[in-house]
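One letter stands for each residue in the lines below.
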Amino acid sequence: PFTSSADFLDNPHPELAPNCIIMEIVGTSITLRLEGTDVVNRWGIDETGKNVQFSNEPKVVHSLLRNGESMHTQPCGLRSFMELGVRPNLTLLMEVVILPLAVEEKRPKRLVCHSAMLERGFFNDSSARWQRTHECHWIDIGDGTPTNKPSIPPATNINRNMKD
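It should be emphasised that the depicted structure is a prediction, and the values quoted were computed from it without experimental measurement.

Rules of the game
Residues numbered from 1 in each chain as written. Predicted model: local features only at pLDDT ≥ 70, side-chain atom pairs only at ≥ 80, totals over all residues. Heavy atoms only, no water. Helix = DSSP H or I, 4+ residues; strand = E, 2+ residues; numbered from the N terminus. Buried < 20%, exposed > 50% of the residue type's maximum accessible area, 1.4 Å probe, protein only. Contact = heavy atoms within 4.5 Å. Areas by Shrake-Rupley, 256 points an atom, 1.4 Å probe, with all protein chains shown as cover. pLDDT = per-residue confidence, 0-100. Core = buried A, V, L, I, M, F, W, Y, C linked by side-chain atoms within 4.5 Å. Salt bridge = Lys/Arg side-chain N within 4 Å of Asp/Glu carboxyl O. Polar contact = N/O pair within 3.5 Å; in protein donor to acceptor, adjacent residues only side chain to side chain. Expected span 1.5 Å × (residues − 1). Pairing = 2+ DSSP bridges.

To continue, consider the overall build of the protein chain. For the protein chain, the helix and strand inventory stands at three helices and seven strands. Mapped from its N terminus to its C terminus, the protein chain presents α and β elements in the order α-β-β-α-α-β-β-β-β-β. When each of the 164 residues of the protein chain is scored for burial, the buried share is 45%. Nonlocal contacts in the protein chain, meaning residues at least 24 apart in sequence, comprise 63% of its contacts between residues at least 6 apart. Carbon and sulfur atoms provide 51% of the accessible area of the protein chain, an area that totals close to 9000 Å².

Now the structure itself:
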């Protein structure tokens with residue numbers, strides 16, 4: 001069985017929790033239910049309780065929804081590598097792992113996302129804040145993986161005030 005939201009929240013791992021986000025999926029919206037302290041510090045804003053928005057880019061949210069549905073239907077995880085343009089001349093390479101969380105029947109689906117900074121680069125030639133996903137793979141957590149490939153979100157600008 002999946003780890004539940006309650007298990008995760010009642011017994012947070014001290015080294016992992018600061019870089020975690022819990023997302024809740026309701027229909028076609030994704031709400032941030034928890035943002036770890038390192039995530040909040042990285043982005044410069046705590047958006048717990050708000051819907052996910054990426055420069056009003058519906059294709060990004062659609063991609064997250066599609067992958068989230070796949071992770072709950074065929075219990076599996078998702079691993080991706082993202083590049084984030086933080087400010088001119090600074091780019092962060094991040095590894096992101098997303099896993100489904102068990103919820104009570106008739107409750108919205110939830111995902112836990114852990115992100116870790118792999119390296120800083122100095123090759124961002126834009127003043128805009130942006131994100132780009134380079135790789136995306138399913139993770140077998142004991143029940144196989146979907147036959148379809150994960151949906152890779154398009155590169156997009158970011159509305160958040162990200163810190164390095």
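Moving on: unusual backbone geometry. Of note in this structure, Lys106 is not a glycine but carries a positive phi near 70 degrees. When its relative accessible area of 80% is taken as the criterion, Lys106 is described as exposed.

It is worth spelling out the confidence of the model for the protein chain at this point. Counting all residues, the mean pLDDT for the protein chain is 79, and 75% of those residues have values of 70 or more. Helix H1 (residues 5-10) is the least confidently modelled element of the protein chain, averaging 64 in pLDDT, while strand S1 (residues 20-26) averages 89, the highest of any element.

Turning our attention to the nonpolar core. In terms of nonpolar packing, the biggest core is built from 23 residues, with Met23, Ile30, Met71 and Ile98 touching the most fellow members. For this core, the secondary structure elements donating two or more residues are S1, strand S2 (29-35), helix H2 (37-43), helix H3 (58-73), strand S3 (76-87), strand S4 (90-101), strand S5 (109-121) and strand S6 (130-140). Setting aside chain neighbours within four positions, we find Ile98 in contact with Met23, Met71, Gly77, Leu78, Leu111, Val112 and Cys113.

Let us now look at the pattern of salt bridges. In total, this model carries four salt bridges according to the counting rule given. Taking the shortest distance from any N to any O, the salt bridge between Glu24 and Arg110 comes out at 2.8 Å. Here the residue Glu24 occupies a position in strand S1, and Arg110 occupies one in strand S5, the gap between them amounting to 86 residues. Comparing Glu24 with Arg110, the two get one shared label, buried. Each member of the salt-bridge network shares a partner with another, and the members are Glu24, Arg33 and Arg110.

What follows is about the side chain of Asn19. Following the sequence through the fold, Asn19 ends up in the loop between H1 and S1. Among the polar contacts made by the side chain of Asn19, one reaches the side chain of Asp38 at a distance of 3.5 Å.

Further remarks concern H3. An ideal rise of 1.5 Å per residue puts 22 Å on 16 residues; H3 measures up with 22 Å between its terminal C-alpha atoms. If you check which residues of H3 are buried, you get Val60, Val61, Ser63, Leu65, Asn67, Gly68, Ser70, Met71 and His72.

What follows deals with the pairing of S1. By the criterion of burial, S1 is predominantly enclosed, with six of the seven residues buried. The pairing of S1 with S2 spans six bridges and is antiparallel. From the neighbouring strand, Ile21 faces S2, where its bridge partner is Glu35. Where S1 folds back onto S2 in an antiparallel hairpin, the turn is made up of two residues, including Gly27, whose phi is positive at roughly 60 degrees.

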